[in-house]
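Examination of the molecular architecture
The residues making up each chain are set out below.
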Amino acid sequence: MLRKIRIVLAVLFFAGITLLLAGIGNQWWGWMAKLQFLPSCLAGNFIVIGGILLLTLLFGRIYCSVICPLGVYQDLVIWVRRRIGLASNKANVKRAIKAAEARKAGKAVESFNQIKPEVKHFKYNKEHWIPRYIFLVLTLVAIFADIQLFVALIAPYSAYGRIVHSIVGLAEGQSILPALLIVAAATLVIITVCAWIWGRAWCNTVCPVGTVLGLVSKASLFKVRIDESKCTNCGRCGRGCKSSCIDMENHKIDYSRC
């Protein structure tokens, strides 16, 4: 039930922010932009900052999977990857069944040795803390040094906004600066590829917001826990973890990335 609620809220936020960035429904979705963490920090909106930190302290990094549009976009990419994998598996199963039936009937069929697993599975990876904190420090330095270009380049809301503005601009036939278009396209490709192959690697390695909230989520009250007395070591939790933060062998979870 909680998972379904999270997905519904994520879809609403993602759709609303995307429409807002596309210039549609500011009167309905404008408040969602005010809930973005890094823009709130830059604007000194301590109410929003405190609210997000409190939410993270209670439930972990809910912000990254519900409110942040770039985080939800990565979940969408991972979902598409899994659906394609499941469809491929079903096709392989049907193919194997037909081949077996044909052999029983004495018909010649093409060789089919095994069903190849196509569904994307994840595995536990240790935290890449060096690049993670390097990006955080660089972001903080850029903020205090007023290097807006770097902050806009790495901030999740700015990055997603740049992608949406570029797509909408091209669709409407607007003249877009080549440099802006190249940066937006590169950002879209890099984040999509990272999500497709490694899950939430961008959130847990590059994104400064993810790193800050990860520090807070280590102390979250209502976090996922592994009950070793009931665990059967089936490994499903680790294979399904998009953040690759569940150590199945030692029954531990890296809550900074969860």
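Right, let's walk through the structure included here. (Residues numbered from 1 in each chain as written. Predicted model: local features only at pLDDT ≥ 70, side-chain atom pairs only at ≥ 80, totals over all residues. Heavy atoms only, no water.)

Remarks on unusual backbone geometry
As a reminder of what qualifies: A run of H or I in DSSP counts as a helix once it spans at least four residues, and a run of E counts as a strand once it spans at least two, with each numbered from the N terminus.
Backbone geometry places asparagine 233, a non-glycine residue, at a positive phi of 60°. Structurally, asparagine 233 can be placed in the loop between helix H12 (208-217) and helix H13 (236-240). For serine 244, which is not a glycine, the phi torsion comes out positive at approximately 50°. Mapping serine 244 onto the fold places it in the loop between H13 and strand S1 (246-247).

As for H12
Spelled out, the test is: Relative accessible area decides the class of each residue, using a 1.4 Å probe on protein chains only: under 20% of the type maximum gives buried, over 50% gives exposed, and in between gives partly exposed.
For H12, the buried fraction is high: seven of the ten residues fall into the buried class. All of the buried residues along H12 are Pro208, Val209, Gly210, Thr211, Leu213, Gly214 and Ser217.

Details of empty space enclosed by the protein
This is how the line gets drawn: In the cavity and pocket records, a cavity denotes points on a 1 Å grid over the protein atoms alone where a 1.4 Å probe fits but cannot get out, a pocket denotes an open set with protein on both sides within 12 Å along at least 5 of 7 lines, and lining residues are residues with an atom within 4 Å of a point. Grid points are joined across faces, edges and corners, and a volume is the space filled by probe spheres set on the points. For this classification, Asp, Glu, Lys and Arg are treated as charged, while Ala, Val, Leu, Ile, Met, Phe, Trp, Tyr, Cys and Pro are nonpolar and the rest, including Gly, are polar.
Counting across every chain of the model gives one cavity of 30 Å³ or more. Quantified by volume, the largest cavity comes out at close to 30 Å³. As for the largest cavity, its lining consists of Cys64, Cys68, Pro156, Cys203, Cys207, Val209 and Gly210. The class makeup of the residues in the lining of the largest cavity is six nonpolar, one polar and no charged.

Remarks on the packing of aromatic side chains
Formally: Note on aromatic contacts: the rings of Phe and Tyr and the six-membered ring of Trp form a pair at centre separations within 6.5 Å, being stacked when their planes are under 30 degrees apart, edge-to-face when over 60 apart, and tilted otherwise. Remark: a charge is flagged as sitting over a ring if the NZ atom of Lys or the CZ atom of Arg is within 6 Å of the ring centre and within 35 degrees of the ring normal.
Taken as a whole and judged by the stated rule, the model has four aromatic pairs. Where phenylalanine 13 meets tryptophan 31, the ring centres are 5.7 Å apart and the plane angle is 70°; that geometry is what we call edge-to-face. Of the two residues, phenylalanine 13 sits in helix H1 (residues 2-21) while tryptophan 31 sits in helix H2 (residues 26-33), which places them 18 residues apart along the sequence. Between lysine 223 and the ring centre of tyrosine 255, over which it is positioned, the NZ or CZ distance is 4.4 Å.

Just geometry here; none of it tells us what the structure is for.
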